[in-house]
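# Architecture at a glance
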There are 2 protein chains.
Amino acid sequence: MKTISLSIIGFGAVGQGVASSILTKQNYLKEQGFNLRVVAISDSKGSEVNPEGIDIERALKRKNQEGTIAKSNQKALDIIREVEHEIVVEATPTNIKDGEPGISNMLGAFNSGRHVVTSNKGPLVLRFLELKEAAEDNGVMFRYEATVGGAVPIFNLIHEALSGNTVIGIEGILNGTTNYILTRMAEERMPYEIVMKEAQELGIAETDPSYDVEGIDSACKLVIIANSIFGQNATYRDVNVTGITKITPEALELASKNNYVVKLVCEAGKGHLTVAPRLVPKRHPLSVGGTLNVASILTDLAGRITISGKGAGSVETASSILSDILYIIKNS
Amino acid sequence: MKTISLSIIGFGAVGQGVASSILTKQNYLKEQGFNLRVVAISDSKGSEVNPEGIDIERALKRKNQEGTIAKSNQKALDIIREVEHEIVVEATPTNIKDGEPGISNMLGAFNSGRHVVTSNKGPLVLRFLELKEAAEDNGVMFRYEATVGGAVPIFNLIHEALSGNTVIGIEGILNGTTNYILTRMAEERMPYEIVMKEAQELGIAETDPSYDVEGIDSACKLVIIANSIFGQNATYRDVNVTGITKITPEALELASKNNYVVKLVCEAGKGHLTVAPRLVPKRHPLSVGGTLNVASILTDLAGRITISGKGAGSVETASSILSDILYIIKNS
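Bear in mind the structure is a predicted one, so any value in this text is a computation, not a measurement.

Rules used throughout
- Residues numbered from 1 in each chain as written.
- Chains lettered and ligands numbered in written order.
- Predicted model: local features only at pLDDT ≥ 70, side-chain atom pairs only at ≥ 80, totals over all residues.
- Heavy atoms only, no water.
- Salt bridge = Lys/Arg side-chain N within 4 Å of Asp/Glu carboxyl O.
- Buried < 20%, exposed > 50% of the residue type's maximum accessible area, 1.4 Å probe, protein only.
- Helix = DSSP H or I, 4+ residues; strand = E, 2+ residues; numbered from the N terminus.
- Pairing = 2+ DSSP bridges.
- Least-squares fit on C-alpha atoms with pLDDT ≥ 70 in both.
- Contact = heavy atoms within 4.5 Å.
- Buried area = accessible area lost by both parts, 1.4 Å probe.
- Core = buried A, V, L, I, M, F, W, Y, C linked by side-chain atoms within 4.5 Å.
- Axes fitted to C-alpha atoms, helices over the stretch in contact; angles between N-to-C directions.

### Observations concerning the pattern of salt bridges
All names here are of chain B. Scanning the model with the defined rule gives 34 salt bridges over all chains in all. The partner of Asp-55 in a salt bridge is Arg-58, with the nearest N and O atoms 3.9 Å apart. Given the relative accessible area of 40%, Asp-55 is considered partly exposed. Classification of Arg-58 by relative accessible area gives exposed; the value is 62%. Here Asp-217 makes a salt bridge to Lys-121, at a shortest N to O gap of 3.6 Å. Within this pair, whereas Asp-217 is found in helix H12 (residues 216-230), its partner Lys-121 is found in helix H6 (residues 121-126), the two being separated by 96 residues in sequence. Lys-121 gets classed as buried once you look at its relative accessible area, which sits at 11%.

Rendered as structure tokens:
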């Protein structure tokens, strides 16, 4: 049995999803010869540290009852540097202004010789290359499947499963909220404002939905794809972005009559990065409805490979994080 | 630069696709630090062996002009056993009667300490477990991405990219010929016989199409999935199979009026293996047209992940073989 210690930095929906997935999959992991031990959990108010392994069930219950995991006020960065463990799961919220506290946490982990698995887009849309090089310089791994597409394993698919291929371009629908709004507008012929209200009531859209509907979230994900697949060092400011706020039910109806749907499509090729509403033929692989995410990858040998699935959700995001953790265990 | 020697056993469409892909991707491979050297090629008439590396361009030209690669009558199995190399690419035709010559070639490779990458379904639908154990006993790898779904990396996706998940069930459309026929019948409202003739003229269907239209090819692929994902030891005789020969344009039209399409769907869960025509909602992820293949994987954490792409073609199949070769190089 190989025992691997990890910390969970950030204990919101994603961090809790990771913890509960490790809990429910304990036997599955042991069957594969792995014992995952969570030695530290940290949220914005404080942290719990236990080198023998935290009782995850209790930790989740306490977070739920008290609103925090805090047993001490030990800082996340000190935990990352000082507590003995192999993998840092960085699950603090995305901040695209300055990338903090994600950037400091990741650099701190790399410089302490720890692998990083993350769902946090901020650091990757601001300083991708620097982070990648810091990981390489320290001989550790940097995995970020959960930053794009939720449960859909876009990076692993391209880097591992399609490794014989050169990627020519990628198109995708990478934001579930806007996909839900456009799908409902088209199917119910309802105006943007009413569908948005519905989405907010269902918890699919945020109270301030601008990050999604103006295309910023999509742009961030596209930047991470471009940097990872095409070796670029783009930031989200390099993307041409148009949101969905000006789309009318009439436009969607006209599209539908001609066998098209309108989707907020992300496109990356060498040298161009675009997020914009686009007409997609109803039978095209990108034409997926509801809150689904999809990526269509154009390659030299395999042709077009399209993958779709749930783009959000704490357990779905935990799926990507757990697969990244297993990759590190198997390859380190 | 890491130099890896391989043999290509079977030099039909797939074998030639592998050779020409290695040729066109030489620089791409060298950039990654790999030098792939083809030291032997064998077809049904004989073989060429060159420990320094065969000139692939010339070999392809000779095969094209003379109909064979044969420079000597050295047998495939002797090459596998006696020529020094690391990876055997087994690309002889699928034979589901007794699995030969594939089974002997693969066992010969494993017992000689060589990894096997294959597109040949026969051995895997007859004696999967025995082959898997022979590989394990000899400490070598057995990779078969190309046996199912052509360019679509189903096994790599599940075993690597979704490794944190337990697979609950799989549904798929794994035969491009029948998918083409059903798509055309539905769209053009033409009877089975006429569409079949068209498909034969286009080279999409064989002169004797029974292997495809009776669902045998789909059943074979389903068996490989079940064995690989659920650890079963099924053979294609364990599958409940119904083909598409009795489907009428009227049935397809009725389905379409109710927003359904009819597809030849493969289904694997623990304990059941079925291939049969099924009503699929038009908006369902399985509803892909033309000759496309698709697999929809239901998992515990990620939910439903669906992947589609080209299910056949020599270059597309070579994509899967090349990705398997790179996996072996990186992990051995």
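### Focus: the sheet that holds strand E2 (residues 34-43) of chain A
Strand order across the open sheet formed by 6 strands is E3-E2-E1-E4-E5-E6 (chain A), with mixed pairing between neighbours. Each end of this open sheet is capped by a strand with a single partner; those strands are strand E3 (46-49) and strand E6 (142-143) of chain A.

### Describing the pairing of strand E9 (residues 260-269) of chain B
It is a general feature of regular strands that their side chains alternate between the two faces of the sheet. Residues and elements named next belong to chain B. Of all 10 residues in E9, 8 are buried, a share of seventy percent or more. Two strands pair when backbone bridges link them, and strand E7 (residues 167-173) and E9 are joined in this way by 4 bridges, in the antiparallel orientation. By the bridge assignment for E9, Ile-170 is matched with Ala-268. In terms of strand pairing, E9 meets strand E10 (residues 272-281) through 10 bridges, oriented antiparallel. Across the sheet, the residue bridging to Tyr-260 is Pro-281, located in E10. Hairpin connection between E9 and E10: a loop of 2 residues separates the two successive antiparallel strands, and Gly-271 in this loop has a positive phi of roughly 95 degrees.

### Structural notes on the relation of the copies chain B and chain A
The transformation that overlays chain B on chain A combines an axial shift of 0.0 Å with a rotation of 180 degrees, and the residual RMSD is 0.0 Å. Accordingly, the operation relating the two chain copies is best matched by a two-fold axis. Identified as the residue of chain B closest to the rotation axis by C-alpha distance is Ile307(B), at 2.2 Å. Of all interface residues in chain B, 98% are interface residues in chain A too; the two copies therefore contact each other through one and the same surface.

### Things to note about the interface of chain B and chain A
Every contact between the two is made by 40 residues of chain B and, on the other side, 39 residues of chain A. Buried surface at the junction of chain B and chain A, summed over both partners, amounts to about 2900 Å²; 50% is from carbon and sulfur atoms. Applying the counting rule to chain B against chain A returns 4 salt bridges. Across the pair Lys25(A) and Asp300(B) runs a salt bridge whose closest N-O atoms are separated by 2.6 Å.

### Things to note about the pairing of strand E10 (residues 272-281) of chain A
Pairing of strand E8 (residues 240-241) of chain A with E10(A) involves 2 bridges; the strand directions are parallel. Paired with Asn240(A) across the two strands is Thr274(A), which belongs to E10(A).

### What about the nonpolar core?
One finds Ile181(A) and Ile181(B) to be the most contacted residues of the largest nonpolar core, which totals 144 residues. Discounting chain neighbours no more than four positions away, the residues touching Ile181(A) are Tyr192(A), Val195(A), Met196(A), Ala199(A), Val213(A) and Ile244(A). Of all hydrophobic cores here, the second largest spans 32 residues; its members include Ile69(A), Ala91(A), Ile329(A) and Leu301(B).

### With respect to the environment of Ala255(A)
All names here are of chain A. Of note, Ala-255 is situated in helix H13 (residues 249-257). Separated by 27 residues in the primary sequence, Ala-255 and Lys-282 have C-alpha atoms spaced 9.6 Å apart. Residues in contact with Ala-255, not counting those within four places in the same chain, are Tyr-260, Val-262 and Leu-279.

### Some thoughts on the sheet that holds strand E11 (residues 292-299) of chain B
As summarised here, the arrangement of the 12 strands in space is E8(A)-E10(A)-E9(A)-E7(A)-E11(A)-E12(A)-E12(B)-E11(B)-E7(B)-E9(B)-E10(B)-E8(B), forming an open sheet in which the pairing is mixed. Because the sheet does not close on itself, it has two edges, and the strands there are E8 of chain A together with strand E8 (240-241) of chain B. Across the sheet, helix H9 (residues 176-188) of chain A lies against strand E7 (167-173), strand E9 (260-269) and strand E11 (292-299) of chain A, angled at about 155 degrees from E9(A), the strand it touches most. Contacting E7, E8, E9 and E10 of chain A, helix H12 (residues 216-230) of chain A crosses the sheet at an angle of about 40 degrees to E9(A).

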